[in-house]
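Spelled out from the first residue to the last, the chains are:
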Amino acid sequence: MPEPIAIIGLACLFPGATTPESFWQNLLAGADSRTEATERQMHTDPVWFKADRKGVTDRYYCTQGGYIHDFTFDPEGFRVPAARLAGLDDVFQWPLHVAREALRDANLLDDLERLARCGVILGNLSFPTKSSNHLALPLYREALEPVLQDLLGRPDFRLPGFSEIPPIPPLPKGGVEGISASGKGEAPENLGIAGKPAALLAEALGLSGRSYALDAACASSLYSIGLACHTLWSERSDLMLAGAVSAADPFFVNMGFSIFQAYPEVGKSRPLDRTSGGLFASEGAGMFVLKRLSVAERDGDRIHALISGVGLSNDGRGQFVLSPNPKGQQFAFERAYASSGVDPQSVDYIECHATGTPLGDKVELNSMEAFFGDSGTVPPIGSVKSNLGHMLTAAGMGGMTKVILALQQGRIPGTIHVEQPHSSENGTFAAEQILRETTDWPHNRPERRAAVSAFGFGGCNAHLILENSRGAKFQRGKVPEGQSSKGDPVGRGFAPGKMAIIGMDGIFGDFNGIAALQRAFLNGEQSFRSLPETRWCGLAAHQPPATSHQPPQGAWLESFEMDFLRFKLPPNPQERLIPQQLLTLEVTDRALQQTNLNAGQNVAVLVAMEAELELH
């Protein structure tokens, strides 16, 4: 079984809580930390775009959520200029804050030698932020303003510029020299909304280990922690920072979830309750500092908790991207316990993903029943989303932090707002298992164990096993007998074999396929061109808006062909499918056709992709 991973530092920035201590007090008090969105979140009066019912085009019908209020970022003390950091969006500043505080908690903030060998993995949503939205606005303003002048018959009509939009509240005491009155928003760096925050975090803290951001939707937090554990187990690093941030523009988030009609029209956040009509989106960030247990004990670190098992999976083919697949969730359970050697009967509590959507909660309970139902002992369950709402990519940080503090304190905070409890299909998980009040740990043994689940859009599943700090015996490199290929663990301390490439394809500019690319290499060809007019994302009729926005010549794609029926995608002209994702799907399919892989095989999917700026 793998060596446990020690959590030696932690920090959080959650709705209503800026520290783990204040978060714990909120949980004990049964606090509901959701609030109404303000102009700071929406950059306008929130009621302007609010409808009184579901299904109204270009309107959101919910403005409640878990929002960060009354937090001021301190840009001083990092290894990059304070003025640069002060001009950046929350998606940069919140991870910087929790990373610094987690390192401070681990007594590593000033240990430059160890930080230079530390890596970071950050879960982050590839979605517009408040600042990236404002950077994109001038492009649309220049294109749309002449059209509106013509429609209104008013040549003098002007759309508001950036300076006329309600700003983010200013920095305290006049802010930092060189920053605009809004405090942040105009720095071009703010367009790096997907991968840039992790790279900046490494730069600002002097980390030179592995650093990257990932987007596994609502499972991003547990994926980042799980992959950091894999890095430590393989001994490619002795120290890792891992966490997640959810700082997308609430205007876009609320519009998106309103399109899916995922919000309740009225009410509270009620995960695990049959009357719940949906989720409430939230924002926040959290970070852990991780070491292998033996290294943490050698260094004399204070250990908050141990990670003894990690299970990651994907649903594979299912009914719909938003419909969870119980088989994928069960694979995550199987892999966590098979690769760790932990007995499922030894788990004292499960922190569920439980968003409050009726279908999602029901499928999760049925998945747990299928896996834990035969273990003899069914553990109590709960969900912190009743307190915080759903922090999207950072949701798992709330659940894991709650469990770590509960392991330390020997008490489990209750899940609030549960009045008509859900139950699994055969009643294995029912009202009796849902903790609705703060409860002492189920037994008096010194060893405590709990698990946390997270299931994301598209079928990204994760299950982590956590234990209280204790001396743990382990055997490196041994795997329990009877483990299936579904639970095959990653390398732990042994050298991997050579990898074989068994299929490959690509589309690069005008070079469609590997053969075309090879010919270009051999013949010295290139396909540089001006950006096609059709690529201006709805602005083609007006030509590129201004010479200042003209892109350089490049190997731009004008179009590509794909078989929508092969992928069971209805060719609906009303659907705005993102070409970037369709292109990835097409070349992946062409590469897979060169192999003998079949549906249902144990295949990982990793895609490197920047956020598509057309989202704005």
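Report follows, based on the coordinates.

Cut-offs applied
- Residues numbered from 1 in each chain as written.
- Predicted model: local features only at pLDDT ≥ 70, side-chain atom pairs only at ≥ 80, totals over all residues.
- Heavy atoms only, no water.
- Phe/Tyr/Trp six-rings, centres within 6.5 Å; stacked < 30°, edge-to-face > 60°.
- Helix = DSSP H or I, 4+ residues; strand = E, 2+ residues; numbered from the N terminus.
- Buried < 20%, exposed > 50% of the residue type's maximum accessible area, 1.4 Å probe, protein only.
- Lys NZ or Arg CZ within 6 Å of the ring centre and 35° of its normal.
- Core = buried A, V, L, I, M, F, W, Y, C linked by side-chain atoms within 4.5 Å.
- Contact = heavy atoms within 4.5 Å.
- Salt bridge = Lys/Arg side-chain N within 4 Å of Asp/Glu carboxyl O.

### Quick word on the packing of aromatic side chains
Counted according to the given criterion, the structure contains 16 aromatic pairs. With a centroid separation of 6.4 Å and an interplanar angle of 80°, the aromatic rings of Phe260 and Phe457 are classed as edge-to-face. Remark: Phe457 occurs in the loop between strand E13 (449-456) and strand E14 (460-468) and Phe260 occurs in the loop between helix H9 (250-259) and strand E7 (284-292); sequence separation between them is 197 residues. Given the relative accessible area of 36%, Phe457 is considered partly exposed. Put simply, the rings of Phe49, Tyr60, Phe127, Phe251 and Phe252 touch in pairs and so form one group of aromatic residues. Cation over ring: Arg34 sits above Phe280, and NZ or CZ is 4.3 Å from the ring centre.

### A few points about the nonpolar core
Counting residues in each nonpolar core, the largest one holds 52 residues, and the members touching the most others are Phe23, Ile225, Phe288, Leu290 and Ile307. Considering each element in turn, this core owes the most residues, eight residues, to helix H14 (residues 395-409). Other than its neighbours up to four places away in sequence, Phe23 contacts Cys12, Phe14, Ala17, Val384, Leu388, Gly398, Thr401, Lys402 and Leu405. With 43 residues, the next largest nonpolar core counts Ile68, Trp94, Leu201 and Leu306 among its residues.

### A few points about the pattern of salt bridges
Two side chains with opposite charge may pair up if their charged atoms get near one another. Under the defined criterion, the tally for this structure stands at 27 salt bridges. The partner of Arg154 in a salt bridge is Asp156, and the shortest N-O contact between them spans 3.7 Å. A relative accessible area of 41% places Arg154 in the partly exposed class. Lys291 is the salt-bridge partner of Asp299, the closest N and O atoms lying 2.7 Å from each other. Asp299 gets classed as partly exposed once you look at its relative accessible area, which sits at 22%. When salt bridges that share partners are traced, they join Asp111, Arg114, Lys291, Arg298, Asp299 and Asp301 into one network.

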